[in-house]
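Here is what each chain is made of, one letter per residue.
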Number of protein chains: 2
Amino acid sequence: MSGTDTARRLVEATQELLWERGYVGTSPRAIQQRAGAGQGSMYHHFGGKPDLARAAVRRSAAQVREAADAVLAREGSARERVRAYLEREREVLRGCRVGGLAQDPDVVADPELRAPLAETFTWLRGRLADVLEEGRAGGEFGPGLDTAGTAAAIVAVVQGGYVLARSAGEPGPFHEAADGLLALLDAHAARATPAS
Amino acid sequence: MSGTDTARRLVEATQELLWERGYVGTSPRAIQQRAGAGQGSMYHHFGGKPDLARAAVRRSAAQVREAADAVLAREGSARERVRAYLEREREVLRGCRVGGLAQDPDVVADPELRAPLAETFTWLRGRLADVLEEGRAGGEFGPGLDTAGTAAAIVAVVQGGYVLARSAGEPGPFHEAADGLLALLDAHAARATPAS
DNA sequence: GTCTATATATAGATAGAC
DNA sequence: GTCTATCTATATATAGAC
């Protein structure tokens, strides 16, 4: 079972390094050191860096989807669940474990590496669209709300918010963008239920 | 003058490579080959890769600001200028020359490399907020429009739209997010001038 | 200003002992 | 399963000739 444990540690170390340094910035040597595993060990369990990266990216993508679903499945209005999703984000300056990899040309060029990214964002947009649709059906938003487009905008604001925050060196811009989007969504809610 | 020309070609080659492969993925060797310059030439004009990268990032940032201002300074309503900015984007799958660098840890860790990114997005958010403010003053939007927050959301949707598009392998998600945001903004416009 | 030679470190992996 | 030795290529630069 020690072997299985080593394989798991190698994948986890790769996940961390991919998050921090991207694919091109992650070396087999760094993975081995962080996992506390030797070279022979790594090449015994995995075919090499691309093989390890594929396992790591699949796992990170699954974790991101799970974390998002945990927030979106909570009780509350659609507006409240969207707000919770936008404000759930932590460690803004670290960026997104999955979205950050889209910047790497070697990732987008490899179908097996890119697939988990595509699946994650397709799923997330659909999940958010479902939440918005529930809200619209319940009269929370006006009937004209473009649920699919709004869902795509929400996901984009989060991913772009990371870019703005990392560029600024502080998390402020992430929250400004998220709050700005929520305020726009509230205008739609106000139309459905005019203020007293 | 040949030296000046070589220096310019080195900077331009570095700009292209930073856009395509990021900082960590760009080698001095690749820069020299793309610029058609020798090693001695490169190290005569620049102190090394970080020095060259600083010049290249500053130039790319200035070009991005110039291109954005060209669109935002055009004639038309605020809504129309925001739409023009969102739809101006080309070559979506290549991403943003400036925002893409925010993913690189070596870029955000170097104050001189990160500064042009911070300046670009601070300027862009302010420029968009000004456009929205003009629209609000002219009665185009309701008085409750959060111009600064909306501006941040617009910039984030563009940067995040690139992430979604590159993840998907096709530009569709970029445009879906942009259209979704515009539709939300239109709800605010509709409140200012109720539909007949 | 540009060229070629040289130098150290790391990337990424294979081979074979244990 | 893990370890050490070894290997080729590249990253990133410096030195000094021309």
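Just above, that's the structure.
What comes next concerns the included structure.

Thresholds, definitions, all that
Residues numbered from 1 in each chain as written. Chains lettered and ligands numbered in written order. Predicted model: local features only at pLDDT ≥ 70, side-chain atom pairs only at ≥ 80, totals over all residues. Heavy atoms only, no water. Near = heavy atom within 4 Å. Polar contact = N/O pair within 3.5 Å; in protein donor to acceptor, adjacent residues only side chain to side chain. Helix = DSSP H or I, 4+ residues; strand = E, 2+ residues; numbered from the N terminus. Nonpolar A, V, L, I, M, F, W, Y, C, P; charged D, E, K, R; others polar. Core = buried A, V, L, I, M, F, W, Y, C linked by side-chain atoms within 4.5 Å. Buried < 20%, exposed > 50% of the residue type's maximum accessible area, 1.4 Å probe, protein only. Contact = heavy atoms within 4.5 Å. Least-squares fit on C-alpha atoms with pLDDT ≥ 70 in both. Buried area = accessible area lost by both parts, 1.4 Å probe. Salt bridge = Lys/Arg side-chain N within 4 Å of Asp/Glu carboxyl O. Phe/Tyr/Trp six-rings, centres within 6.5 Å; stacked < 30°, edge-to-face > 60°. Lys NZ or Arg CZ within 6 Å of the ring centre and 35° of its normal. Disulfide = S-S within 2.5 Å.

Notes on the protein's contact with DNA strand D
Phase 1: Taken together, 15 residues surround DNA strand D, and among them A:Gly40, A:Ser41, A:His45, B:Pro28 and B:Gln39 come closest.
Phase 2: Those atoms of DNA strand D that come within 4 Å of the protein belong to sugar or phosphate at a rate of 58%.
Phase 3: Between A:Ser41 and DNA strand D, the recorded distance is 2.8 Å, taken from a side-chain N or O atom to a phosphate oxygen.
Phase 4: Only helix H1 (2-21) and helix H3 (39-45) of chain A together with helix H2 (28-35) and helix H3 (39-45) of chain B provide two or more residues apiece to the surface near DNA strand D.
Phase 5: Taken together, the residues that form the surface near DNA strand D break down as 2 nonpolar, 11 polar and 2 charged.

Here's the deal with the nonpolar core
Phase 1: Counting 126 residues, the largest nonpolar core has A:Val82, A:Tyr85, A:Leu128, B:Val82, B:Tyr85 and B:Leu128 as the members making the most contacts within it.
Phase 2: Ignoring anything within four residues of it in the chain, the contact list for A:Tyr85 reads A:Ala68, A:Val71, A:Leu72, A:Leu124, A:Leu128, A:Ile154 and A:Val158.

Some thoughts on the protein's contact with DNA strand C
Phase 1: Surveying the vicinity of DNA strand C reveals 17 residues, the closest of which are A:Pro28, A:Gln39, B:Gly40, B:Ser41 and B:His45.
Phase 2: The protein-proximal atoms of DNA strand C, defined as those within 4 Å of the protein, are 58% sugar or phosphate.
Phase 3: Contact distances for DNA strand C include 3.2 Å between a phosphate oxygen and a side-chain N or O atom of B:Thr6.
Phase 4: Contributions of two or more residues to the surface near DNA strand C are made by helix H2 (28-35), H3 and helix H4 (49-72) of chain A together with helix H1 (2-21) and H3 of chain B.
Phase 5: The greatest single-element share of the surface near DNA strand C, amounting to 5 residues, is contributed by H3(B).

Describing the relation of the copies chain A and chain B
Phase 1: Taken as rigid bodies, chain A and chain B are interconverted by a rotation of 180 degrees and an axial shift of 0.0 Å, the fit giving an RMSD of 0.0 Å. Given the turn and translation reported, the copies of this chain are related as if by a two-fold rotation axis. Closest approach to the rotation axis among the C-alpha atoms of chain A is made by A:Gly160, whose C-alpha sits 1.9 Å away.
Phase 2: A share of 100% of the interface residues of chain A reappears at the interface of chain B, consistent with the copies meeting face to face through the same patch.

As for the interface of chain A and chain B
Phase 1: The interface of chain A with chain B comprises 48 residues on the first partner and 48 residues on the second.
Phase 2: Here chain A meets chain B over a buried area of about 3,900 Å², counting both sides, of which 64% is carbon and sulfur.
Phase 3: Where chain A meets chain B, there are 4 salt bridges.
Phase 4: Among the ionic pairs, B:Arg125 bridges to A:Glu176, the shortest N-O distance being 2.5 Å.
Phase 5: Linking chain A with chain B are 10 residue pairs in polar contact (both at pLDDT 80 or more).

Considering the packing of aromatic side chains
Phase 1: Taken as a whole and judged by the stated rule, the model has 2 aromatic pairs over all chains.
Phase 2: For the ring pair A:Tyr162 and A:Phe174, a centre distance of 5.2 Å and an interplane angle of 40 degrees mean the geometry is tilted. Of the two residues, A:Tyr162 is situated in helix H8 (residues 147-168) and A:Phe174 in helix H9 (residues 172-192); the sequence distance between them amounts to 12 residues. In this pair, the class of A:Tyr162 matches that of A:Phe174, namely buried.
Phase 3: Stacked on the ring of B:Tyr23, the Lys or Arg B:Lys49 has its end atom at 4.5 Å from the ring centre.
Phase 4: Lying across the ring of B:Trp19, B:Arg97 places its NZ or CZ 5.1 Å from the centre.

Things to note about the state of the cysteines
Phase 1: On inspection of all chains with the given rule, the structure shows 0 disulfides over all chains.
Phase 2: Here A:Cys96 is not disulfide-linked; the sulfur of B:Cys96 is the nearest cysteine sulfur, at 18 Å.
Phase 3: Residue classification places A:Cys96 among the buried residues on the basis of a relative accessible area of 12%.

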